[in-house]
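# Structure at a glance
Next come the chains, spelled out residue by residue.
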Amino acid sequence: FDPVNPDDADESESFFIGLDYFTSSMEEKNESGDVIASAFITLPKLVALPVTEENTGIGAGWEVEDVNKIVEAFNVQLAEDLEGMEQPFGEVAEQAHNIYETEGGAEFLAAEPLFYNVRIESVFVTEGGFLSVLSVAEKNMGGAAPVEESYVWNFDMNNGYFVTDLADGIADDADQMKN
């Protein structure tokens with residue numbers, strides 16, 4: 001399916017919330033133009049898809065504006081998280097320059113470039129409209145093995161909130177009730 005922009009749709013069209021992916025790639029090169037570090041990041045994004053007889057899902061029958069709000073809430077947060085993932089790549093790129101300069105360029109170039117890669121490990125959507133995504137990041141800083149870390153997003157597609165946001169809100173409400 002091709003995602004569509006609900007703003008371009010006529011009022012009779014109905015949309016539901018679908019899942020897609022976006023990728024970002026970065027490279028760090030030495031002064032000769034050789035790639036010495038790279039990053040490849042794949043993250044989920046929500047899209048508005050047209051309802052058909054064969055395809056429906058969370059949000060089917062909602063107002064177009066409501067589908068847009070949910071899609072935007074998720075995608076804005078993931079775009080912010082992507083910006084945060086540029087810092088680990090910066091560390092990898094700096095390390096690549098250090099190794100290249102101290103250990104000799106030819107030997108370093110013969111090996112695999114240092115990298116920071118993020119891949120989606122699993123995606124789960126409940127019938128109730130909760131989306132859970134697990135991503136794994138691998139960071140190769142030139143050691144014996146890459147270091148792994150996990151990113152997890154839990155999102156309520158019914159109201160546009162991440163579960164951590166809901167937990168924070170509940171805690172805030174509880175604090176206000178005490179006062």
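Residues numbered from 1 in each chain as written. Predicted model: local features only at pLDDT ≥ 70, side-chain atom pairs only at ≥ 80, totals over all residues. Heavy atoms only, no water.

## Things to note about the overall build of the protein
The helix and strand inventory of the protein stands at 3 helices and 6 strands. Secondary structure of the protein in N-to-C order comes out as β-β-α-α-β-β-β-β-α. Classification of the 179 residues of the protein by burial places 33% in the buried group. When the accessible surface of the protein is totalled, it reaches about 10600 Å², and 48% of it is carbon and sulfur. (Helix = DSSP H or I, 4+ residues; strand = E, 2+ residues; numbered from the N terminus. Buried < 20%, exposed > 50% of the residue type's maximum accessible area, 1.4 Å probe, protein only. Areas by Shrake-Rupley, 256 points an atom, 1.4 Å probe, with all protein chains shown as cover.)

## Notes on the nonpolar core
Judged by nonpolar contacts, the single largest core of 36 residues is most densely connected at Ile17, Ile41, Leu43, Leu46, Tyr116, Phe155 and Met157. Every element with two or more residues in this core is listed here: strand 1 (15–29), strand 2 (35–50), helix 1 (64–103), strand 3 (114–125), strand 4 (130–140) and strand 5 (147–156). With 14 residues, helix 1 is the largest single contributor of residues to this core. Residues within four places of Ile17 in sequence aside, it is in contact with Leu46, Val47, Ile58, Trp62, Val67, Ile70, Val71 and Met157. (Core = buried A, V, L, I, M, F, W, Y, C linked by side-chain atoms within 4.5 Å. Contact = heavy atoms within 4.5 Å.)

## Observations concerning the packing of aromatic side chains
Under the defined criterion, the tally for this structure stands at 4 aromatic pairs. Between the aromatic rings of Phe74 and Phe162, the centroid separation amounts to 5.6 Å while the plane-to-plane angle is 15°, which identifies the pairing as stacked. Linking Phe74 in helix 1 with Phe162 in strand 6 (residues 161–162), this pair joins segments that are 88 residues apart in sequence. You'll find Phe74 and Phe162 in the same group, each marked buried. Between Tyr151 and Trp153, the ring centres sit 6.1 Å apart and the planes meet at 15°, which makes this aromatic pair stacked. For Trp153, a relative accessible area of 5% translates into the label buried. Put simply, the rings of Phe74, Phe155 and Phe162 pair up and form one aromatic cluster. (Phe/Tyr/Trp six-rings, centres within 6.5 Å; stacked < 30°, edge-to-face > 60°.)

## Section: the pattern of salt bridges
Per the counting criterion, the structure on display carries 4 salt bridges. Lys29 serves as the salt-bridge partner of Glu27, at 4.0 Å between the closest nitrogen and oxygen. Here Lys29 falls in the partly exposed class, since its relative accessible area comes to 43%. Of the charged contacts in the structure, one is a salt bridge between Glu91 and Lys139, with a shortest N-O distance of 3.1 Å. (Salt bridge = Lys/Arg side-chain N within 4 Å of Asp/Glu carboxyl O.)

## Thoughts on the environment of Trp62
Mapped onto the elements of the fold, Trp62 is located in the loop between strand 2 and helix 1. Since its relative accessible area comes to 28%, Trp62 is described here as partly exposed. C-alpha of Trp62 to C-alpha of Phe16: the two residues are 46 residues apart in sequence and 7.8 Å apart in space. Apart from the residues lying within four places of it in its own chain, the contact partners of Trp62 are Ile17, Val67, Ile70, Met157 and Asn158.

## What to know about the pairing of strand 2
Both strand 1 and strand 2 contribute to a ladder of 15 bridges, which runs antiparallel. Within the sheet, the bridge partner assigned to Ser25 lies in strand 2 and is Phe40. Linking strand 1 back to strand 2 in an antiparallel pair, the connection comprises 5 residues, with Gly33 at a positive phi of about 90°. Sheet topology note: the strand 2/strand 3 ladder contains 5 bridges and is parallel. Residue pairing across strands places Ala39 opposite Tyr116, the latter belonging to strand 3. (Pairing = 2+ DSSP bridges.)

Everything listed is a geometric property; what it means functionally is a separate question.
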